[in-house]
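# Secondary and tertiary structure notes
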Amino acid sequence: MLIGFIVNPIAGMGGRVGLKGTDNVFEEAINRGAKPISKEKAQVSINLVVEEFSESLNDVTWLTCAGRMGEDILIHAGVKKSSINIVYKPSSQNLGDTSTIDTISACKLFVDAGVSLIVFCGGDGTARDIVSVIKESIPILGIPSGVKMHSGVFAVTNRAAGEMIGRFIKGELSTGESEIMDLDEDLYRKGSWKVKLYDTAQGIIEPSYIQVGKASFAQIDDNEIKDDLADHIKEEMEKHSDYLFLFGSGGTIDYIARKIGVKNTILGVDAIYHFDTIASDVNEEGLLKLLIQYKKVKVLLSPIGAQGFIFGRGNLQFSPAVIRKIGIENIIVVSTLSKLKATPVIRVDTGDQTLDEEFVRYEMILVVIGYRTSRVVKINSA
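Just so you know, these numbers come straight off a predicted model, no measurement behind them.

So, about the overall build of the protein. Scanning the protein from terminus to terminus reveals 13 helices and 16 strands. Expressed as a percentage of the 382 residues in the protein, the buried residues total 57%. Carbon and sulfur atoms provide 46% of the accessible area of the protein, an area that totals close to 16,000 Å².

As structure tokens, this is what we get:
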């Protein structure tokens, strides 16, 4: 079996520094102190394949790109050099020098070689580049690393991706049509969320491990419930008047903020103290500074519709360091009933396996669904 493997070295770098993506803003991300994260995420996936599916790898050859675009991860995971075929060398190994052209060029070579699967590490932009070449001719699987991951070809976590690669090699998983979605990053940075269907692709079908496309839920029917949620949160803020409240992103949180008269960034993280917005669209560095100044903090989040993530999708500002300082016990999750009906499990993908496991040990999390009304929902990291 031939497997194509490609890594976008800069995917997800813009998240923790509040840029909501890295497309076209790599230099700004670097200036804000952004660090690469895709290599680490890809490493977890490939390590798991090598450790848990070693007996199935004897007849597998990995076609990949030189250096940080794939080769380094495979070698570090312990894949035999004889099983690695470098089919593409980018013109430069400097971070930020690789581009869409490199991804497209490598995928053309994967197609020519007749690979059975293309595994990539990146976000929706990387998925679009790949599908522009292969269409629906070859199944693809995404190791989640981008800021924007709305498409249905991504595993829910990097460990889940490793499991799926191994099970695909063993012939245990089938393929099917998946949507390739993408978000206009320029509009996203201006506070507008415009996700559109770009194309369809062949993905691996495994409901436990693959994320569904982001779903939008009717807001008009839910407004009465959101009013109740707003009343509940207002009461919480009055009860804990000495706490700093961090409002996450999304339509539900935005509705609550507007209802209680708080200025809010719909697609960012805002800091609220005594019902005043003291910081808007805060990045990871800004959050860490606030957590030094304010010792008592609560964070308000709402799960991504139909995916169930409260961390790891669109809010990378909440890094493991930030979450640990806040404390799991200070996380408030709110949801309308219609959204919760399509979100049977709350998921976390913090980028730190130990922290994810801390969440999972709780087994359940309380989700506020109305005024002084909560529902117990299972929490998982995959």
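Attention now goes to the pattern of salt bridges. Evaluated as defined, the whole model comprises eleven salt bridges. Across the pair Glu-52 and Arg-159 runs a salt bridge whose closest N-O atoms are separated by 4.0 Å. Of this pair, Glu-52 sits in helix H2 (residues 38-52) while Arg-159 sits in helix H6 (residues 158-169), placing them 107 residues apart in sequence. The salt bridge involving Glu-172 is made with Arg-167; its shortest N-O contact spans 3.2 Å.

Moving on, we come to the pairing of strand S9 (residues 270-273). One ladder, built from three bridges, connects strand S8 (residues 244-247) with S9; its direction is antiparallel. Counted as the bridge partner of Leu-246 is Ala-271 from S9. The sheet contact formed by S9 and strand S10 (residues 276-279) spans three bridges and is antiparallel. Looking at S10, one finds that Ile-272 is bridged to Thr-277. From the end of S9 to the start of S10, which pair antiparallel, there are two residues, and His-274 there has a positive phi angle of about 55 degrees.

The rules behind the values
Residues numbered from 1 in each chain as written. Predicted model: local features only at pLDDT ≥ 70, side-chain atom pairs only at ≥ 80, totals over all residues. Heavy atoms only, no water. Helix = DSSP H or I, 4+ residues; strand = E, 2+ residues; numbered from the N terminus. Buried < 20%, exposed > 50% of the residue type's maximum accessible area, 1.4 Å probe, protein only. Areas by Shrake-Rupley, 256 points an atom, 1.4 Å probe, with all protein chains shown as cover. Salt bridge = Lys/Arg side-chain N within 4 Å of Asp/Glu carboxyl O. Pairing = 2+ DSSP bridges.

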